[in-house]
Amino acid sequence: QVQLVESGGGLVQPGGSLRLSCAASGFTFSRYAMNWYRQAPGKEREFVAVITPVGGSTSYPDSVKGRFTISRDNAKNTVYLQMNSLKPEDTALYYCNVIWVGRNYWGQGTQVTVSS
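An account of the accompanying structure is given in this report. These numbers were taken from a predicted model, which means no experiment stands behind them.

**Notes on the sheet that holds strand E7 (residues 68-73)**
Alright, step 1. The strand order across the open sheet formed by 4 strands is E1-E3-E8-E7, and the pairing between neighbours is antiparallel. Bordering the open sheet on either side are strand E1 (3-7) and E7, each of which pairs with just one other strand. Adjacent strand axes in the sheet meet at a mean angle of 15 degrees when their direction is disregarded.
Alright, step 2. In the sheet, E7 pairs with strand E8 (residues 78-83) via 6 bridges, with the strands oriented antiparallel. Counted as the bridge partner of Asp 73 is Thr 78 from E8.

Have a look at this one:
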């Protein structure tokens, strides 16, 4: 069964950095694109980053481009999200996501709070 477990969230001051991790199991990790999303209170879930399974091509929305970097380690079945220059508006619950056999799978999320 597909399982995604996020970690690495926390409280950070504006301008700070955090690195999120997502450990995946239950599917052939190296064959699937992996995504990060986030959801702030009262807002819809928002796409944050994607990385392809081969070659590691990435894509980001303008809101995080140049500040966030997604990467993956196929040997460890883990995807990462390096977040730099964090802003208060980056505060949200961050989720790891994979579409496997036509179905969306989500982790439980890890909370990121950017505040002074």
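**Concerning the side chain of Ser 21**
Alright, step 1. Following the sequence through the fold, Ser 21 ends up in strand E3 (residues 18-25).
Alright, step 2. Relative accessible area serves as the criterion here: at 19%, Ser 21 is assigned to the buried category.
Alright, step 3. In contact with Ser 21, not counting residues within four places along its chain, are Val 5, Glu 6, Ser 7, Trp 36, Thr 78, Val 79 and Tyr 80.

**A short note on the nonpolar core**
Alright, step 1. Leu 4, Met 34, Trp 36, Val 79, Leu 81, Met 83 and Tyr 94 are the most contacted members of the largest nonpolar core, which totals 30 residues.
Alright, step 2. Listing elements by their share of this core, those giving two or more residues are E3, strand E4 (34-39), strand E5 (46-51), E7, E8, strand E9 (92-100) and strand E11 (110-114).
Alright, step 3. Not counting residues within four places of it along the chain, the set of residues in contact with Met 83 comprises Gly 16, Ser 17, Leu 18, Leu 20, Arg 67, Phe 68, Tyr 94 and Val 112.

**Here we look at the packing of aromatic side chains**
Alright, step 1. If you walk through the whole model with that rule in mind, you get 6 aromatic pairs.
Alright, step 2. Considering the side-chain rings of Phe 27 and Tyr 32, the 5.7 Å spacing of their centres and the 80 degrees angle between planes classify their relative orientation as edge-to-face.
Alright, step 3. Overall, Phe 27 belongs to the buried group, its relative accessible area being 10%.
Alright, step 4. Ring centres of Tyr 37 and Trp 106 lie 5.0 Å apart, and the angle between their planes is 70 degrees; on these two criteria the pair is classed as edge-to-face. Taken as a pair, Tyr 37 in strand E4 and Trp 106 in strand E10 (residues 103-106) lie far apart in primary sequence, 69 residues in all.

**Quick notes on the pattern of salt bridges**
Alright, step 1. Going through the model one piece at a time under the given rule, you end up with 4 salt bridges.
Alright, step 2. With a shortest N-O distance of 2.8 Å, Glu 46 and Arg 38 are connected by a salt bridge.
Alright, step 3. You can call Glu 46 partly exposed: its relative accessible area is 30%.
Alright, step 4. Because the salt bridges share partners, they merge into one network encompassing Arg 38, Glu 46, Arg 67 and Asp 90.

**A word on unusual backbone geometry**
Alright, step 1. Positive phi values are uncommon outside glycine, yet Ser 85 reaches one of about 50 degrees.
Alright, step 2. Inspection of the secondary structure assignment puts Ser 85 in the loop between E8 and E9.
Alright, step 3. Under the relative-accessibility criterion, Ser 85 is labelled partly exposed at 41%.
Alright, step 4. In this structure, Val 101 is a non-glycine residue whose phi angle is positive, near 50 degrees.
Alright, step 5. With respect to the secondary-structure elements, Val 101 resides in the loop between E9 and E10.

The rules behind each value
Residues numbered from 1 in each chain as written. Predicted model: local features only at pLDDT ≥ 70, side-chain atom pairs only at ≥ 80, totals over all residues. Heavy atoms only, no water. Pairing = 2+ DSSP bridges. Helix = DSSP H or I, 4+ residues; strand = E, 2+ residues; numbered from the N terminus. Axes fitted to C-alpha atoms, helices over the stretch in contact; angles between N-to-C directions. Buried < 20%, exposed > 50% of the residue type's maximum accessible area, 1.4 Å probe, protein only. Contact = heavy atoms within 4.5 Å. Core = buried A, V, L, I, M, F, W, Y, C linked by side-chain atoms within 4.5 Å. Phe/Tyr/Trp six-rings, centres within 6.5 Å; stacked < 30°, edge-to-face > 60°. Salt bridge = Lys/Arg side-chain N within 4 Å of Asp/Glu carboxyl O.

Scope: geometric values only; no functional claims are made or implied.
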